[in-house]
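Okay, here's what each chain looks like letter by letter:
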Amino acid sequence: MAGGKGTRIASIKNDVPKPMIEICGKPILEYQIDNLRQCGLTDITLVIGHLGHVIKDYFGDGQRFGVNISYFEEDHPLGTAGALFQMPELTDDFLLLCGDVMLDVDFEKFIRFHHEHQAWASLVAHPNGHPFDSSLLVTEILPPQEKGGLPIETHRVLQWMNKEDERIYYRNCVNAGIEIISPKLLDEVRQHHVPRHPETPDKIDLDRDVLKPYISSGMIFAYPTPEYIKDMGTPERFHETERDIINGKPAARNLRNRQKAIFLDRDGTINVSKGFLLNAEDFELIEGAAEAIHQINLSEYLAIVVTNQPQIARGECTFDELQRIHEKMETELGLHGAFVDAIYYCPHHTDKGFEGELPDYKCDCSCRKPKPGMLLQAAEDFNIDLSQSYMIGDGWRDVEAGKAAGCKESICIEANEPKALYQTIDKMLSK
């Protein structure tokens with residue numbers, strides 16, 4: 001979809017379509033086409049409108065860029081999805097991109113995810129530094145399905161939160177504007193769509209008319225990734241992306257490449273430890289923790305939380321309440337421009353005899369620190385090189401888990417100490 005006017009970024013360039021704004025000497029759209037070609041995706045249709053001739057003149061039939069390009073030209077605005085219903089060639093599952101987003105993604109992995117879930121639509125989701133003004137996806141998380149296992153993220157989308165919707169606490173799970181869509185979903189829309197604007201019935205909104213109404217089908221899934229995806233909608237974000245490209249960050253974050261991570265304990269490291277944390281209202285960030293995580297976000301490392309939560313096994317906290325606690329953490333981090341790329345938690349405990357305890361979670365698992373199970377699972381999920389990664393926590397269990405996983409270094413900081421995490425991260429990243 002390459003027809004955007006780019007009104008918010010007009011101060012950078014206002015005489016070309018937004019996807020043709022150059023960054024480091026190359027149009028945003030060309031970066032996307034390079035990324036697609038590298039993943040073997042070479043049949044591309046560009047939906048153009050405003051100043052579309054600029055795009056045609058530059059890309060032509062695509063042969064110069066190693067791809068095959070055709071065009072669908074809107075003679076009047078069709079919304080963000082109207083063109084899809086006028087393109088008879090869309091008879092197979094297809095990848096849909098917004099042409100004004102800077103990205104570098106392992107599309108082959110995304111396609112495998114889509115097929116494995118047999119989805120009507122798969123949506124790329126990622127955390128970012130401004131979730132409060134982004135559309136968010138709420139996905140299904142199930143308790144462990146086998147004794148000693150980790151909680152299961154099914155990736156099924158349960159709810160879509162627009163940025164204008166009322167929110168209290170929320171996961172930083174942002175809809176990135178990259179989808180794989182099945183013709184089955186388009187057929188459903190054709191059968192049931194009632195135009196919101198009867199005077200322009202062919203104008204269709206992707207989010208509000210195609211995706212959001214069909215969440216209840218259970219066939220919409222979110223694909224989480226820490227890869228580089230940045231909306232270029234404002235001059236500030238444009239210049240941030242420019243710096244990132246110069247530093248090689250987009251390509252380095254592609255999951256085809258080995259990643260590096262800083263693993264973080266939660267209680268006493270990120271939030272004030274007051275014994276077992278049992279409800280979201282008692283969650284309190286340690287001074288400097290958000291700033292420390294923001295520093296990780298700007299670096300070449302992923303920020304991944306790995307935390308023991310034995311109060312689940314003890315029957316003192318429910319899975320739903322623990323989810324609220326993590327949502328509050330992500331909400332408060334987001335207000336400081338920070339985010340974590342993933343959260344792993346162990347709900348198990350070996351000790352017995354607690355009133356209300358859950359027998360299924362009383363076991364000697366492989367994920368409870370000092371065992372390395374959570375770190376090993378993260379390494380598998382995100383192609384992490386543990387030998388180039390760090391573990392930071394406030395206790396011996398954290399240190400030993402990092403060592404057992406093969407981390408480059410395990411660091412113990414003083415629990416609840418203001419700015420301890422920030423100072424540690426600052427020193428680490430300045431080496």
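The preceding data block contains the structure.
Below or above, wherever it landed, is the structure these notes cover. (Residues numbered from 1 in each chain as written. Predicted model: local features only at pLDDT ≥ 70, side-chain atom pairs only at ≥ 80, totals over all residues. Heavy atoms only, no water.)

## A closer look at unusual backbone geometry
That bond from Lys369 to Pro370 is cis: its omega, 25 degrees, falls within 30 degrees of zero. Residue placement: Pro370 occurs in the loop between strand E15 (342-346) and helix H10 (373-382). If you check the backbone angles, Leu51 has positive phi at about 55 degrees while not being a glycine. With respect to the helices, strands and loops of the structure, Leu51 is situated in the loop between strand E3 (43-48) and helix H2 (52-59). The backbone phi angle of His155 is positive, close to 75 degrees, even though this residue is not glycine. Looking at where His155 falls in the secondary structure, it is placed in strand E9 (residues 152-161). A relative accessible area of 18% means that His155 is categorised as buried. (Helix = DSSP H or I, 4+ residues; strand = E, 2+ residues; numbered from the N terminus. Buried < 20%, exposed > 50% of the residue type's maximum accessible area, 1.4 Å probe, protein only.)

## A closer look at the sheet that holds strand E17 (residues 409-412)
Ordered in space as E15-E14-E13-E16-E17, the five strands form an open sheet in which the pairing is parallel. Where the open sheet ends on each side, the last strands, each with one partner, are E15 and E17. Adjacent strand axes in the sheet meet at a mean angle of 20 degrees when their direction is disregarded. Where strand E13 (residues 260-264) meets strand E14 (residues 301-308), five bridges bridge the pair, whose relative direction is parallel. Of the residues in E14, the one forming a bridge with Leu264 is Val305. Contacting E13, E14, E15 and strand E16 (390-393), H10 runs over the sheet at an angle of about 145 degrees to E15. The sheet contacts of helix H11 (residues 396-405) involve E14, E16 and E17, and relative to E17 the element is tilted by about 175 degrees. (Pairing = 2+ DSSP bridges. Axes fitted to C-alpha atoms, helices over the stretch in contact; angles between N-to-C directions. Contact = heavy atoms within 4.5 Å.)

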